[in-house]
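An overview of the molecular structure
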Amino acid sequence: KTGFYLDQGDNRRRVRTLARGRDVLDAFCYSGGFALNALAGGAKSVTAVDSSADALALARSNAELNKLAQAEWLEGDVFQLLRRFRDQGRNFDLVVLDPPKFAPTAAHVGKAARAYKELIARHPGEIVVPQAKFALARIYESQNKLNEARSLYEEIARAQGYSSLGNEASIK
């Protein structure tokens, strides 16, 4: 597995078209696919967060190879950094939440559901400006492991004013 999902191509292009003049947060950025598209789309600023130093090095390298303006690359726990952004009053008007698989086994489903709930229900509303255009979150769990979490995800998305399509939600 590469961690780079080709089926996200349409979403990366969507971020590119929405990014112009916006402050963008790409959480769980991995190799920078969304961050790079935001830069290419004319984002005012891009903050890209991942827990892996190797992933961030790859993302930086990808930005250099593509001759894109530099982003702010932050290594750390996304949940902690989202809380820090909230506490600092730091806001974004385009947020991408593209987390990795949280439930590698059925035993982790409860923990994964809590993590998705925290990401979807709490954080975007605390760090996006009122006129935010878009936030994307995606669940990469196998269907049989997280049907309950998906239902929770869709319920949370609707309650927070997101439109939900399958396992994605976006602010319009």
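A brief structural summary.

Cut-offs applied
- Positions within a chain are numbered from 1, following the residues in the order the chain's sequence is written.
- Residues qualify for local features only when their pLDDT is at least 70, as the model is predicted, and side-chain atom pairs are given and counted only at 80 or more; totals for whole chains, interfaces and linings, by contrast, use all residues.
- Water and hydrogen atoms play no part in the side-chain values, which are based on all heavy atoms of the structure.
- Stacked, edge-to-face and tilted labels apply to pairs of Phe, Tyr and Trp rings (six-membered ring for Trp) whose centres lie within 6.5 Å, assigned for plane angles under 30 degrees, over 60, and everything in between, in that order.
- Under the DSSP-based scheme used, a helix requires at least four consecutive residues in state H or I and a strand at least two consecutive residues in state E, with every element numbered from the N terminus.
- Residue exposure (1.4 Å probe, protein chains only): buried if accessible area is under 20% of the type maximum, exposed if over 50%, otherwise partly exposed.
- Here, strands pair whenever DSSP counts at least two bridges between them.
- If the strands point away from the viewer and the path from the first strand over the helix to the second runs clockwise, then the crossover is right-handed.
- Contact criterion: two residues are considered in contact whenever any of their non-hydrogen atoms come within 4.5 Å of each other.
- Each reported salt bridge corresponds to a side-chain nitrogen of Lys or Arg within 4 Å of a carboxyl oxygen of Asp or Glu.

Focus on the packing of aromatic side chains
Counting across every chain of the model gives 2 aromatic pairs. Ring geometry for Phe28 versus Phe79: centroids 6.4 Å apart, planes at 75°, classification edge-to-face. Taken together, the positions of Phe28 in the loop between strand 1 (23-27) and helix 2 (33-40) and Phe79 in helix 4 (residues 78-88) put the pair 51 residues apart, joining distant regions of the chain. Like Phe79, Phe28 is buried. With a centroid separation of 5.3 Å and 65° between ring planes, the pair formed by Phe85 and Phe92 is classed as edge-to-face. Per residue, the accessibility class of Phe85 equals that of Phe92, and both read buried.

Notes on the pairing of strand 3 (residues 72-75)
Successive side chains on a regular strand alternate, one facing one side of the sheet and the next facing the other. One ladder, built from 4 bridges, connects strand 2 (residues 45-50) with strand 3; its direction is parallel. Bridge pairing in strand 3 places Ala48 opposite Trp73. One crossover worth recording links strand 2 to the parallel strand 3 by way of helix 3 (residues 53-65), and it is right-handed.

Let's talk about the environment of Ser51
Assignment of secondary structure puts Ser51 in the loop between strand 2 and helix 3. As a C-alpha pair, Ser51 and Val78 span 27 residues in sequence and 7.1 Å in three-dimensional space. When sequence neighbours within four positions are dropped, the list of residues in contact with Ser51 reads Glu75 and Gly76.

Quick word on the pattern of salt bridges
Enumeration over the complete set of coordinates arrives at 3 salt bridges. Between Lys44 and Asp23 there is a salt bridge, and its shortest N-O distance comes to 3.6 Å. Separated by 21 residues along the polypeptide, Lys44 in the loop between helix 2 and strand 2 and Asp23 in strand 1 bring together distant segments of the chain.

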